[in-house]
Amino acid sequence: MENRKKVAFYTLGCKLNFSETSTIARSIQDEGFDRVDFEEVADMYVINTCSVTENADKQFKQIVKKAMKLNNKAFVAAVGCYAQLKPEELAAVDGVDLVLGATEKFKITDYINDLSKNDFGEVHSCEIAEADFYVGSYSIGDRTRAFLKVQDGCDYKCTYCTIPLARGISRSDELENVLKNASEISKQNIKEIVLTGVNIGDYGKGEFGNKKHEHTFLELVQELDKVEGIERLRISSIEPNLLKNETIEFVSKSRTFVPHFHIPLQSGSNDILKLMKRRYLREVYTERVNKIREVMPHACIGVDVIVGFPGETDEHFLETYHFLNEMDISYLHVFTYSERDNTEAADMSGVVPANVRAKRSKMLRGLSVKKRRAFYESQLGTNRTVLFESENKEGYIHGFTENYVKVKTPWNPELVNTLHDINLTKIDEDGSVRMDFVTTMV
C-alpha cells in the first residue's frame, strides 16, 4: 500500500501500561497506520508515560528528544499516568503536540486527523473523577507472553501514591469479556498470560459500573483456569490483604496458574505501614507467605518494598531488613521513596536525607541478590518447565520456569516460544541457571 503513515510507541512503567499501549496501537493501526519500532523514522510517536518511576519528567524529555532526532517533523503524543497528573508540564516539552489523560488516551484516533506539528502541546485531560469507565486491554505480538488487563484504578488511599489521581476509581472488566480476551490470546500461539491491573485483588468491583462486587478475584482465577489453549497464567502483583487462602490453595492445584506470587509489602515496620495507610500489618504478610510455602514449597515469592519513607528511622529500617532477611522469599523490588505532589506523605515530617535513602536501598538490593541466589540454589536438581523467549543474547536463549527461575541455554531459534521439561543443573556466572532437557513438550 502506498504512502501509509508510520507510528511508533514507547512505553514507560508497568505491565498494565504495556497492555494498554497494545490496545492504543491496534486502534491507530485500524486507522491505516503501520506500526514500526521506536528506533525507526515514523510520522507519529506515542509515549505512554508513568508517574511512579523516578525522574519521570527527565526520562520523558529524553525520549521526545530521541523521537525528534529521528524525524523533527513527527507528531508526538504523550498519554498515560504522567500525562494525567502533569499535562501542562508535558505539553511544554519541546516537540510535544498532544497530551491525553486517563480517559482520552483510548480515543487517540479522534485527535490525530492531520498530524501537523503544533506550536504548543494541545492538552485533553479530564477531571480524574470522570475516569469511571473501563477499557479492556491486552498486549500481544510484543513478546512470548501477553499482558491481560482485568482491572483499573484504585480506591486505596496510600499516602505516598499518585495512582488513584492518575487512574481513577477501582473498576473491573466484565468476567465474560476477560474470558473472551483470554481465548483470543490463546488462539494466537501465546503460551503465557500475565494478569494485570492497578489493584487486581479488588477484581469484581465496578464490573457493571457500580461498587458492588459481582464476581471475586477467586472466581476470575477459577474461570480463567478453564480457558482452552492457555499453557500458563501468572498473577502479576496482588495486595496481601486481598490474596486469600482460597486463592492460594486454588493456584496450588490449578491446571494453568503458576506458583509465582508478587506481593507488595512496602515496609516491615507496623509503625511505617500505618503512616503509609496500608491495609494490613506485617503479621498478615507473614501468614500469606507461610500459607504459600505450606502448599507450594517451590513457589517464587517477590516483594515490593519502599525505603526512606518520611519518619523511617534506622530502627524502622532495620526492622524491615530483619523481617525480610528471616522470611522465605525469593527476590525484592526496592523503591527509593520520592516525594509526589498532592500526596499526604509529601507534607509529612521526618524527611529522610537522600544519602540515607540511597544507602538503605543498596542494603536491600544486596539482600535481594542473596535471596534470589538462595532460591535458585534450592531449585537445583529439580525438574521444571521452561518457556523460552525470543531474543538471542550473546549466543544464548533465555526463558523462565513456571516458578520464575531464569534459565539459559545455547541459542537455537527453534526453541523460541516453546515449552520444555528441563532439569536445573547449576548457576552460571551471570546469575541465571543452566539446564538439561528432559523431554520436549510443545
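Above this text is the structure in question.
In this report, we go over the structure that sits alongside the text. (Residues numbered from 1 in each chain as written. Predicted model: local features only at pLDDT ≥ 70, side-chain atom pairs only at ≥ 80, totals over all residues. Heavy atoms only, no water.)

**Here we look at the environment of Y111**
In step 1: Mapping Y111 onto the fold places it in the loop between β5 (98-100) and β6 (122-124).
In step 2: Classification of Y111 by relative accessible area gives partly exposed; the value is 23%.
In step 3: C-alpha of Y111 to C-alpha of A77: the two residues are 34 residues apart in sequence and 9.8 Å apart in space. (Helix = DSSP H or I, 4+ residues; strand = E, 2+ residues; numbered from the N terminus. Buried < 20%, exposed > 50% of the residue type's maximum accessible area, 1.4 Å probe, protein only.)

**Examining the side chain of T409**
In step 1: Mapped onto the elements of the fold, T409 is located in strand β18 (residues 406-410).
In step 2: With a relative accessible area of 9%, T409 lands in the buried category.
In step 3: Leave out the neighbours within four places in its chain, and T409 touches F388, Y396, I397, L415, M435 and F437. (Contact = heavy atoms within 4.5 Å.)

**What to know about the pattern of salt bridges**
In step 1: Taken as a whole and judged by the stated rule, the model has 33 salt bridges.
In step 2: K86 is the salt-bridge partner of E89, the closest N and O atoms lying 3.9 Å from each other.
In step 3: The exposure class of E89 is partly exposed, given its relative accessible area of 37%.
In step 4: Under the relative-accessibility criterion, K86 is labelled partly exposed at 24%.
In step 5: Bridged by salt links that share partners, the residues E20, K105, K149, D152, R167 and R171 form one connected network. (Salt bridge = Lys/Arg side-chain N within 4 Å of Asp/Glu carboxyl O.)

**What about the side chain of T196?**
In step 1: Tracing the backbone through its elements, the reader meets T196 in strand β11 (residues 192-196).
In step 2: Aside from chain neighbours lying at most four places away, what touches T196 is K15, L16, S19, F147, L148, K149, V150, Q151 and S236.

**Topic: the nonpolar core**
As a rule of thumb, nonpolar side chains are buried together in soluble globular proteins.
In step 1: Counting 50 residues, the largest nonpolar core has L148, L195, L220, L224, I292, L324 and L364 as its most contacted members.
In step 2: Sequence-distant contacts of I292, that is, excluding residues within four places in its chain, are made with L243, I248, F261, I263, P297, A299 and I301.
In step 3: Of all hydrophobic cores here, the second largest spans 24 residues; its members include V36, I63, M68 and A74. (Core = buried A, V, L, I, M, F, W, Y, C linked by side-chain atoms within 4.5 Å.)

**Notes on the environment of F33**
In step 1: Of note, F33 is situated in strand β2 (residues 33-36).
In step 2: Taking the C-alpha atoms as reference, F33 lies 46 Å from F375; in sequence the two are 342 residues apart.

**Observations regarding the sheet that holds strand β7 (residues 138-139)**
In step 1: Judged by pairing direction, the sheet is mixed, and its 4 strands sit side by side in the order β7-β8-β11-β12 without closing on themselves. In this open sheet, the two edge strands, each paired with only one partner strand, are β7 and β12 (232-235).
In step 2: In this structure, β7 lies alongside strand β8 (residues 145-149), joined through 2 bridges in antiparallel fashion. What sits directly across from Y138, in β8, is L148.
In step 3: Contacts from helix α6 (residues 175-186) reach β7, β8 and β11 within the one sheet, and its direction differs from that of β8 by about 165°. (Pairing = 2+ DSSP bridges. Axes fitted to C-alpha atoms, helices over the stretch in contact; angles between N-to-C directions.)

**Let's talk about helix α8 (residues 245-253)**
In step 1: Restricting attention to buried positions, one finds in α8 the residues T247, I248 and V251. The buried residues of α8 occupy an angular sector of 100° when projected down its axis, which confines them to one face.
In step 2: Of the surrounding elements, those touching the buried residues of α8 are α7 (217-224), β12, β13 (260-266) and α10 (282-295). (Arc of directions from axis to C-beta.)

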